[in-house]
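Read off the chains here:
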Amino acid sequence: VELAETPNDNDFFYVVDVSDPTDDITGSSKKIKYSNFKNGGGGGGGTGTLEQSLMFAASDETSDLVVDTDLLTFAMPFDITLTDVRAFVVTSPTGANLEVDVLKNGVSILSTNITIDAGENNSESATTPPVISDTSLSKDDVISVDILQIGSTVAGAGLKITLIYEVTINIS
């Protein structure tokens, strides 16, 4: 991004998703304070990052989850470098943890799978957090989701997966 004039520290600018022709400042754009990118005194530009996420439903909202492979499959719309993966369910599993794997082109991207502990509805509070072993997802990589384990009393329902990544923005 090249700016016509040096903004003040309290000025804001908008980042628009150029891969989405419908995105504008009222859509999924991000409002960013210039001072977050200022590189030292004098106001030159800088580099900053925006955390972004790609969330998708891996099941409907009410049906019991089942152990299954390739539950959801899609092609990545753009290149990203993952920083985190998360899962959420509408109905918590009980009796046993829910365990989910995310695969790229048929190979797991996790060395420790995503877990939602019994009685919980998200992986952020899991006793064992997921570990990403392959952070690079490229445009047209085939992403799929496997459910490896469900709750033994209540399976769980309404599974969503979130891929979290950062975008670097350069301002001059």
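Each chain has its residues counted from 1, following the order in which its sequence is written. The predicted origin of the model limits local features to residues at a pLDDT of at least 70 and limits the giving and counting of side-chain atom pairs to 80 or more, whereas totals for whole chains, interfaces and linings rest on all residues. Hydrogens and water molecules were not included; the side-chain quantities draw on all heavy atoms of the structure.

Draft legend 1. Layout of the overall build of the protein. The numbering of helices and of strands both runs from the N terminus, where a helix is a DSSP run of H or I of at least 4 residues and a strand a run of E of at least 2. When you go through the protein residue by residue, the secondary structure sums to zero helices and 13 strands. The proportion of buried residues among the 172 residues of the protein is 37%. Residue contacts are counted whenever heavy atoms from the two residues lie within 4.5 Å of one another. Counting contacts in the protein only where the partners sit at least 6 residues apart, residues at least 24 apart contribute 74% of the total. If you sum the accessible surface of the protein, you get close to 9200 Å²; carbon and sulfur atoms cover 47% of it. Exposure classes here rest on a 1.4 Å probe applied to the protein chains alone. A residue is buried below 20% of its type maximum, exposed above 50%, and partly exposed in between. Computed with the Shrake-Rupley method and a 1.4 Å probe, the accessible areas treat only the protein chains shown as cover for residues.

Draft legend 2. Representation of the pattern of salt bridges in the model. Salt bridge, as used here, is a side-chain nitrogen of Lys or Arg placed within 4 Å of a carboxyl oxygen of Asp or Glu. Taken as a whole, this structure holds four salt bridges when the rule is applied. In this structure, the salt-bridge partner of Glu 61 is Lys 160, at a minimum N-O distance of 2.5 Å. Taken as a pair, Glu 61 in the loop between strand E3 (46–57) and strand E4 (68–75) and Lys 160 in strand E13 (residues 160–171) lie far apart in primary sequence, 99 residues in all. For Asp 84, the salt bridge identified is with Arg 86, shortest N-O distance 3.1 Å. According to the relative accessible area criterion, Asp 84 is partly exposed, its value standing at 24%. For Arg 86, a relative accessible area of 27% puts it in the partly exposed group. Here the residues in one salt-bridge network are Asp 84, Arg 86 and Glu 124, joined through shared partners.

Draft legend 3. Seen up close, the side chain of Lys 104. Considering the arrangement of structural elements, one finds Lys 104 in strand E6 (residues 98–104). With relative accessibility at 16%, the residue Lys 104 sits in the buried group. Under the rule applied, a polar contact is a pair of N or O atoms within 3.5 Å (in protein, one hydrogen donor and one hydrogen acceptor; residues adjacent in sequence only if both atoms are side-chain atoms). At a separation of 2.8 Å, a polar atom in the side chain of Lys 104 contacts the main-chain carbonyl oxygen of Ser 136. Not counting chain neighbours up to four residues away, the residues in contact with Lys 104 comprise Ile 109, Asp 134, Ser 136, Leu 137, Asp 141, Val 142 and Ile 143.

The values are spatial; any link to function lies outside them.
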